[in-house]
Amino acid sequence: MRIVRRIFWSVLVLLILAASLGNKAGSQDLTGMSVVAAIGWWFTGGFFSRWIGVMLVSSLKCKSCGLEIPAVGQWRVGSYTDHRERHILAAKNPIDGSRVGHFDCPQCSATILV
């Protein structure tokens, strides 16, 4: 979930920077819109950043052996194994709501963090 968190915090920092630049420039409209957008992003950004990540990530690469693993597959989330192929960022355990945080490389058994 590092990818989703990076997208979330990057957009939030950009919105805060836009608010501060609008304040320095004396543009109250830009400052107000940026603050409202930052507050809205704080509450809904997790959902949107996950789908932005789904659109951007097509495969994951093992840092140990260099194997390219497709991002769409049947994932195991805790004790639940998904019944259909999903993107790794969209896979969710229906029992407790947890997501895939890491998995083992099929070639070298190294842990790959998502």
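Keep in mind the model is a prediction, meaning the values are calculated, not measured.

The tally for this structure, following the rule as stated, stands at one salt bridge. Between Asp82 and Arg86 there is a salt bridge; the shortest N-O distance is 2.5 Å. The exposure class assigned to Asp82 is buried, which follows from its relative accessible area of 4%.

The next point concerns helix α2 (residues 28-56). Over its 29 residues, α2 runs only 34 Å from end to end, short of the ideal 42 Å by more than 12%, given 1.5 Å per residue. Residue Thr44 marks the point of greatest curvature in α2, where the axis turns by about 70°. Taken together, the buried positions of α2 are occupied by Thr31, Ser34, Ala38, Trp41, Gly45, Ser49, Arg50, Gly53 and Val54. Tucked inside the fold, the buried residues of α2 contact α1 (2-25) and β6 (86-87).

Our focus in this paragraph is the side chain of His87. Along the chain, the position of His87 falls in strand β6. Residue class for His87 comes out buried when judged on its relative accessible area of 10%. Looking at His87, its side chain comes within polar contact range of the main-chain oxygen of Val57, at 2.7 Å. If near-sequence neighbours (up to four positions away) are discounted, His87 is found in contact with Gly53, Val54, Val57, Ala71, Val72 and Trp75.

Definitions and cut-offs
Residues numbered from 1 in each chain as written. Predicted model: local features only at pLDDT ≥ 70, side-chain atom pairs only at ≥ 80, totals over all residues. Heavy atoms only, no water. Salt bridge = Lys/Arg side-chain N within 4 Å of Asp/Glu carboxyl O. Buried < 20%, exposed > 50% of the residue type's maximum accessible area, 1.4 Å probe, protein only. Helix = DSSP H or I, 4+ residues; strand = E, 2+ residues; numbered from the N terminus. Expected span 1.5 Å × (residues − 1). Bend = angle between axes of the 7 residues up to and from the residue. Contact = heavy atoms within 4.5 Å. Polar contact = N/O pair within 3.5 Å; in protein donor to acceptor, adjacent residues only side chain to side chain.

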